[in-house]
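These are the residues of each chain, in order.
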Amino acid sequence: KLTDAKERAYFTQAETKIFLSLPDVKDQTGYRDQALLSTMYATGMRSDEICSLTVGDVSFLKDGKASILIHGKGGKSRRIKISEKPATILRKYITHRRITNQHDRHVFSTQRNECMSTSALEEVFSKYLLRAKTRNPGLFLADTYTPHSMRHTTAVHMVEAGVPLLVIKQFLVHSNLSTTEIYAKMSQSTVNEKLKHWDETYW
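Computed from a predicted model, the values in this text were never measured in an experiment. By convention here, each chain's residues receive numbers from 1 onward along its written sequence. Whole-chain, interface and lining totals are the exception, using all residues; otherwise, since this is a predicted model, local features are given only for residues with pLDDT of at least 70 and side-chain atom pairs are given and counted only at 80 or more. Side-chain metrics rest on all non-hydrogen atoms present in the structure, leaving aside hydrogens and water.

**Looking at the nonpolar core**
If you look at the biggest cluster of nonpolar residues, it comprises 50 residues, and the most contacted ones within it are F11, F19, L36, I50, V107, F108 and Y145. Breaking this core down by element, the ones donating at least two residues are helix 2 (28-43), helix 3 (47-52), strand 4 (66-71), strand 5 (77-82), helix 4 (84-96), helix 5 (118-135), helix 6 (148-160) and helix 7 (165-172). The numbering of helices and of strands both runs from the N terminus, where a helix is a DSSP run of H or I of at least 4 residues and a strand a run of E of at least 2. In terms of residue count, the dominant contributor to this core is helix 5 (7 residues). Note on contacts: a residue pair is in contact if any heavy atoms of the two residues lie within 4.5 Å. Sequence-distant contacts of F19, that is, excluding residues within four places in its chain, are made with F11, L37, F125, Y128, L129, A132, F140 and M150. Take the buried residues of types Ala, Val, Leu, Ile, Met, Phe, Trp, Tyr and Cys, join any two whose side-chain atoms come within 4.5 Å, and each joined set is a nonpolar core. Think of it in three bands: with a 1.4 Å probe and only protein chains considered, a residue is buried below 20% of the maximum accessible area for its type, exposed above 50%, and partly exposed in between.

The structure is reproduced here in structure tokens:
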């Protein structure tokens, strides 16, 4: 997972499935966290982008998907679509909060603030990361994971799914294609690890 002398931690597909299943949806906070983490993965949003997301930025479509307007850094905005499963989770959460028609309200809040701060997001992420590592000692082995790791995860999984790099570049609004190409290299390193394991285990 080393890239250009810099490590970018990301979750494998198995780790992502585990991580997204950790929030207890019977709990009010867990219900929020399920929507928060699944939206982060579905969109590849940066921390400040997910925290500033408002109800008015989200449009639920007839096909069950959702269209999300993301206000990025440098005043750059983009609109992306997310698939039906994360869209349904997000829609149910917004409905649960009874803010569907309050377009200026922030989607994700805390008990203290109407708009979740990036530091609060880091606390949420760290809580589930600790839980993930405790319950799965053989997984989540990178030295450092941050909320931005979810963005890396989204990019790597898109590469692994065969999504063209130019599409990923547009989806994540990278300034240069070279940034997107890093994820192709990261994905190849995963392939190499899997092949090495297969070679050592079965031959």
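Text resumes after the structure shown.
**Some thoughts on helix 5**
With 18 residues, helix 5 should cover 26 Å at 1.5 Å per step; its first-to-last C-alpha distance of 26 Å lies within 8% of that length. Considered for burial, the residues of helix 5 that qualify are A120, L121, V124, F125, Y128, L129 and A132. Check the buried side of helix 5 and you find it contacts helix 1 (13-20), helix 2, helix 3 and helix 6. To estimate the expected span of a helix, subtract one from its residue number and multiply by 1.5 Å.

**Section: the pairing of strand 5**
Of the two faces of strand 5, the one lined by R78, I80 and I82 is fully buried and the one lined by S77, R79 and K81 carries no buried residue. Criterion used throughout: strands pair if DSSP finds at least two bridges between them. Direction of pairing for strand 4 relative to strand 5: antiparallel, over a ladder of 6 bridges. Each bridged residue has a counterpart across the sheet, and for L69 the counterpart in strand 5 is R79. Taking the residues that link successive antiparallel strands as the turn, the strand 4-strand 5 hairpin has 5 residues, and the phi of G74 there is positive, at about 70°.

**Topic: the confidence of the model for the chain**
For the chain, the mean per-residue pLDDT works out to 85, and 85% of the residues sit at or above 70. No element of the chain has a lower mean pLDDT than strand 1 (residues 2-3), which averages 40, and none a higher one than helix 5, which averages 96. On a range of 0 to 100, pLDDT expresses the predictor's confidence in each residue. Across residues 1-6, where pLDDT falls below 50, the model places 12 contacts with residues more than four positions away in sequence or in other chains.

**Considering the packing of aromatic side chains**
Only Phe, Tyr and Trp rings take part, Trp by its six-membered ring, and two of them pair if their centres are within 6.5 Å. Stacked means planes under 30 degrees apart, edge-to-face means over 60, and tilted covers everything else. Per the counting criterion, the structure on display carries 8 aromatic pairs. Centroid distance F11 to F19: 4.8 Å. Interplanar angle 40°. Geometry classified as tilted. Judged by its relative accessible area of 0%, F19 is buried. For the ring pair F19 and F125, a centre distance of 5.2 Å and an interplane angle of 50° mean the geometry is tilted. Here F19 is found in helix 1, whereas its partner F125 is found in helix 5, with 106 residues between them in sequence. Like F125, F19 is buried. Counting every residue linked through ring pairs, the aromatic cluster contains F11, F19, F125, F140 and Y145.

**Topic: the pattern of salt bridges**
Within this document, salt bridges are pairs made up of a side-chain nitrogen of Lys or Arg and a carboxyl oxygen of Asp or Glu, the two lying within 4 Å of each other. For the structure on display, the rule yields 5 salt bridges. For R32, the salt bridge is made with D33, and the minimal N-O distance between the two is 2.8 Å. Close ionic contact of E49 with R46 constitutes a salt bridge, the shortest N to O distance being 2.8 Å. The two residues E49 and R46 agree in class, both being buried. When salt bridges with common partners are traced through the structure, they connect R32, D33 and K127 into a single cluster.

**Focus: the packing of helix 2 against helix 6**
Following both chains from N to C, one finds helix 2 and helix 6 inclined at 45°, their axes separated by 7 Å at the closest point. Put simply, helix 2 runs oblique to helix 6. With respect to the hand of their crossing, helix 2 and helix 6 are arranged in right-handed fashion. Contacts from L37, M40 and Y41 of helix 2 reach helix 6 at M150, T153, T154 and H157. By the convention adopted, Pro, Cys, Tyr, Trp, Phe, Met, Ile, Leu, Val and Ala count as nonpolar, Lys, Arg, Asp and Glu as charged, and the other residues, Gly among them, as polar. Here the contact of helix 2 with helix 6 is built from residues that sort into 4 nonpolar, 3 polar and no charged. Lines are fitted to the C-alpha atoms to define the axes, a helix being fitted only along its stretch in contact, and any angle between axes, read from their N-to-C directions, falls within 0 to 180 degrees. Between 65 and 115 degrees an angle is taken as roughly perpendicular, under 35 as roughly parallel, over 145 as roughly antiparallel, and anywhere else as oblique. What makes a crossing left-handed is the near helix being turned counterclockwise from the far one by less than a right angle; a clockwise turn instead makes it right-handed.

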